[in-house]
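Chain residues, written in single-letter form:
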Amino acid sequence: MDWGTNLWDQNDVIDKHTQAGLDLLERYIKFVKERTEIEQNYAKQLRNMTKRYSKRGSKEEQECKFSNHASFQEILNELGDYAGQRELIAENMTANISDKLTKYLQDLKQERKTHLSDVKKAQQNLESSFKHLESIKKRFAKEWAEADKATQQADKLESDNNNSKIDVDKAKNHALARMRTAEECRNSYAAELQKYNKEQNHFYYTEIPQIFNKLQDMDERRIRQLAEGYCQFSHIEKNVLPIISKCLEGIAAAGTKIDEKKDSKLLIEQYKSGFERPADVEFEDYSQGVKPSNSESGLNPLKGRKHKIFKKHKITHAEKHMVLFMFSMI
C-alpha cells in the first residue's frame, strides 16, 4: 500500500498528516528535555543533601568509629554515587535522544518542505499548461466561428443574383482564408490538447505518486526514529540499573554492618575512668556530741577526681524543701 497510488488526490491530507508527525516528534523532544531537567535537579538535590548530612571535623570523625555512625556515612556515600547515575541518565538522554532527534527533525522539516514545494510546482506547471490550452481552444472557437460566418456570408452573396462575380469570389476567398486559419487553430488546439493530456497523465500517474511516495518514506523513517527514541528512553535507564542496584545494596549492607553491642563496648573502652564508685556516707550523730570530721572526703567523695560522672543541675524548690525536712527530723 503506497500513498502515491491510493492517496493521489489527497494532498491536503498528506500535508496535515506529515506536519502532525513532525509536531509529535518535536513534542517528544521537549518531553525528554523536561525529563532530563528533572533528573539533573534530582541529582543536584541529592548531592546537596548528602553534603549537608556528611560528617565534618575531628569530633565527628571520632564519632564515626561507632558502627551506626559509620554506616550512615556509607549510606551518604552510596547516595552520592546514586546521584551520579541519575546525572548519567540525564547526559545520555540528552546525547542519544534530544540532540539526535533535534538534528533529525530539522532534516525532516527541510525534506518535507522540498517535497511539498515539488508538488506545488508540478500543480502550477499543469495549471499553466491548462490555461495555455484554454487560450488556444478559445482562439480555435473564435476562428471557427469567424470562418463559419464568412462561409455563410459567401453562400448568401452567391445565392443573390444581384451581386457581381467579383464580390462573390472575394467573399469566397475571404471565407476560404478564414477556414484555413480556423483549421490551423484546430490543429494547434488538437496538438496542445494531446500535449496537455500527456502532461496530466504524467502528473497524476508518475510525478505526484513519486513525490507522495517520498513523503510516505520520509514519514515512515520518522516513525522508526521516534520508535527508537521511545525505546532509548527505557534502555538508558535500564543500563544504569545494575549500578543503582549496587548503590541500594550498599545502603542495605551499611545497615547490616551495625553492631550495637560493639558500639556499646567501644564507648566503654573510650570513656571508662577506672575509678571505684563512692562509698556510703557515714551517719554523724550530732546529738551524741560527735564533732564534724575535719576531712571533707566524706561529704565530698568525688572531690579531686579528674572526671565528673554526673553533670551539675540546679536544685529545685521541692528538693530544697525535702532537705529542710530531713534536717528537721534529725
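Since this is a predicted model, take the numbers as computed values, not measurements. (Residues numbered from 1 in each chain as written. Predicted model: local features only at pLDDT ≥ 70, side-chain atom pairs only at ≥ 80, totals over all residues. Heavy atoms only, no water.)

Student: Could you clarify how one ought to interpret the overall build of the protein in this entry?
Tutor: Regarding its fold elements, the protein presents seven helices and zero strands. Secondary structure elements of the protein occur, N-terminal to C-terminal, as α-α-α-α-α-α-α. By residue count, 24% of the 330 residues in the protein fall in the buried class. About 24500 Å² of surface is accessible on the protein, with carbon and sulfur atoms providing 53% of the total. (Helix = DSSP H or I, 4+ residues; strand = E, 2+ residues; numbered from the N terminus. Buried < 20%, exposed > 50% of the residue type's maximum accessible area, 1.4 Å probe, protein only. Areas by Shrake-Rupley, 256 points an atom, 1.4 Å probe, with all protein chains shown as cover.)

Student: Just checking my understanding: could you explain the packing of helix 2 (residues 11–53) against helix 4 (residues 67–159) for this structure?
Tutor: For any two helices packed against each other, one specifies the crossing angle of their axes together with the interaxial distance. Running from N to C, helix 2 and helix 4 point in directions that differ by 165°, and their axes come no closer than 8 Å. By the angle between their directions, the pair helix 2 and helix 4 is classed as roughly antiparallel. Here helix 2 and helix 4 pass one another in a crossing that is left-handed. Broken down by class, the residue content of the contact of helix 2 with helix 4 amounts to 25 nonpolar, twelve polar and ten charged. (Axes fitted to C-alpha atoms, helices over the stretch in contact; angles between N-to-C directions. Parallel < 35°, antiparallel > 145°, perpendicular 65-115°, else oblique. Left-handed = near helix turned anticlockwise from the far one by under 90°. Nonpolar A, V, L, I, M, F, W, Y, C, P; charged D, E, K, R; others polar.)

Student: Sorry, what's going on with the packing of aromatic side chains here?
Tutor: In this description, an aromatic ring pair is defined by two values, namely the gap between the centres and the angle between the planes. For the structure shown, the criterion picks out ten aromatic pairs. When the ring of Tyr42 is compared with that of Tyr82, the centres are 6.3 Å apart and the planes differ by 90°; the resulting orientation is edge-to-face. A residue pair is termed long-range when its members are at least 10 positions apart, and Tyr42 in helix 2 and Tyr82 in helix 4 qualify at 40 residues. Classification of Tyr82 as buried rests on a relative accessible area of 15%. Seen in terms of ring centroids, Phe203 and Tyr204 are 4.8 Å apart; in terms of plane orientation they differ by 85°. Their pairing is edge-to-face. On the basis of relative accessibility, which here comes to 6%, the residue Phe203 falls in the buried class. A network of ring pairs unites the aromatic residues Tyr28, Phe31, Tyr230 and Phe233 as a single cluster. (Phe/Tyr/Trp six-rings, centres within 6.5 Å; stacked < 30°, edge-to-face > 60°.)

Student: What is the right way to read the packing of helix 4 against helix 5 (residues 165–256) from this model?
Tutor: Running from amino to carboxyl end, helix 4 crosses helix 5 at an angle of 175°, the nearest separation of the two axes being 7 Å. Looking at the two axes, helix 4 sits roughly antiparallel to helix 5. When its residues are assigned to classes, the contact of helix 4 with helix 5 shows 46 nonpolar, 17 polar and 27 charged.

Student: Explain the side chain of Asn11 here, please?
Tutor: Relative to the helices and strands, Asn11 resides in helix 2. Judged by its relative accessible area of 19%, Asn11 falls in the buried class.

Everything listed here is a matter of geometry and, on its own, says nothing about what the molecule does.
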